[in-house]
Amino acid sequence: SIVFRGVTVPIGMRYIRSEKRVSVIVLFTALVFGLMHIGNIIRGASVTMGIIQGIATIFAGFLFVAVFLRTGNILIPIFMHGVYDYMCFVTDASLDNGIMTGETVTTGLILAVLVDVIAGIWGLYLIRPAKRAEINAIWNEKWSVSETEYQSKH
């Protein structure tokens, strides 16, 4: 969470001066988060399982970054990610050090990915255009930039 969100989100919110900055940050961090998990193929996951894990983590990444953007608090998505990983490691016997080593797509796996997709869609809803002013206000306050000053630069 710290690398994917704790560094990139504040930098992006501080230096990207576009009305689309929230969308850019969300897509970038979620895609990199997912690609890093697809990299588990190199560490022993099958190609199918690596891709499934990558897709699931992209959607989970949407939720994690949305929560960070809406709260300005990195501890909340860190806690969410920790609880999620704990639940996965405890309930999924096919995981070996976080890598999906199984070869079979099970009903449980399909349901888990479905939950990730729903969570990701909820995350995208949390950062919908109607909430962008609120998100900008949170982050402008973090950087002591008044909304008037922000608007005058755009």
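Look up: the structure comes first, before these words.
Each value, and the rule that gives it
- Residues numbered from 1 in each chain as written.
- Predicted model: local features only at pLDDT ≥ 70, side-chain atom pairs only at ≥ 80, totals over all residues.
- Heavy atoms only, no water.
- Phe/Tyr/Trp six-rings, centres within 6.5 Å; stacked < 30°, edge-to-face > 60°.
- Helix = DSSP H or I, 4+ residues; strand = E, 2+ residues; numbered from the N terminus.
- Buried < 20%, exposed > 50% of the residue type's maximum accessible area, 1.4 Å probe, protein only.
- Lys NZ or Arg CZ within 6 Å of the ring centre and 35° of its normal.
- Contact = heavy atoms within 4.5 Å.
- Axes fitted to C-alpha atoms, helices over the stretch in contact; angles between N-to-C directions.
- Parallel < 35°, antiparallel > 145°, perpendicular 65-115°, else oblique.
- Salt bridge = Lys/Arg side-chain N within 4 Å of Asp/Glu carboxyl O.
- Expected span 1.5 Å × (residues − 1).
- Bend = angle between axes of the 7 residues up to and from the residue.

*Asks:* Would you explain the packing of aromatic side chains in this entry?
*Replies:* Each aromatic ring pair is summarised here by two numbers: the centre-to-centre distance and the angle between the ring planes. Counted by the stated rule, this structure contains three aromatic pairs. Between the aromatic rings of F33 and F64, the centroid separation amounts to 6.2 Å while the plane-to-plane angle is 70°, which identifies the pairing as edge-to-face. Of this pair, F33 sits in helix α2 (residues 21-38) while F64 is found in helix α3 (residues 47-71), placing the two residues 31 residues apart along the sequence. An identical accessibility class is assigned to F33 and F64; each is buried. Centre to centre, the rings of F68 and W139 are 5.1 Å apart; their planes meet at 85°, and the pair counts as edge-to-face. Here W139 lies in helix α6 (residues 132-142) and F68 lies in helix α3, a separation of 71 residues in the sequence. Here R5 stacks its cationic end above the ring of F33, 4.7 Å away from the centre of that ring. One Lys or Arg, R128, reaches over the ring of Y125 and ends 3.9 Å from the middle of that ring.

*Asks:* How should the environment of M80 be read in this particular structure?
*Replies:* Looking at where M80 falls in the secondary structure, it is placed in helix α4 (residues 75-91). As a C-alpha pair, M80 and F64 span 16 residues in sequence and 7.6 Å in three-dimensional space. Excluding anything up to four places from it in sequence, M80 contacts L63, F64 and V67.

*Asks:* What is the right way to look at the side chain of H37 in this model?
*Replies:* Note that H37 resides in helix α2. When near neighbours in sequence (up to four residues on either side) are disregarded, H37 contacts G50, Q53, G54 and T57.

*Asks:* Honestly, the packing of α2 against α6 in this entry has me stumped. Any pointers?
*Replies:* Packed helices, taken two at a time, are described by the angle their axes make and the gap between the axes. Where α2 meets α6, the closest approach of the two axes is 11 Å, and the angle between their N-to-C directions is 80°. With respect to their mutual orientation, α2 and α6 come out roughly perpendicular. Residues R21, V22 and S23 of α2 form the contact with α6, whose participating residues are R132, I135, N136 and N140.

*Asks:* Can you walk me through the pattern of salt bridges in this structure?
*Replies:* Pairing is possible between side chains that carry opposite charge, provided their charged atoms lie close to one another. With the rule as written, the count across this model stands at two salt bridges. A salt bridge links E134 to R70; its shortest N-O distance comes to 3.3 Å. Within this pair, whereas E134 is found in helix α6, its partner R70 is found in helix α3, the two being separated by 64 residues in sequence. Assessed through its relative accessible area of 35%, E134 is described here as partly exposed. Between K131 and E134 there is a salt bridge, with the nearest N and O atoms lying 3.6 Å from each other. Here the residues in one salt-bridge network are R70, K131 and E134, joined through shared partners.

*Asks:* It is not clear to me how helix α1 (residues 2-15) should be interpreted in this structure. Could you clarify?
*Replies:* For the α-helix, the turn length of 3.6 residues means that residues three or four positions removed from each other point alike. The end-to-end C-alpha distance of α1 is 18 Å, a good match for the 20 Å that 14 residues give at a rise of 1.5 Å each. Bending of α1 peaks at approximately 30° at the position of T8, with proline P10 no more than four residues after it. Of all the residues in α1, the buried ones are F4, R5, V9, P10, G12 and M13.

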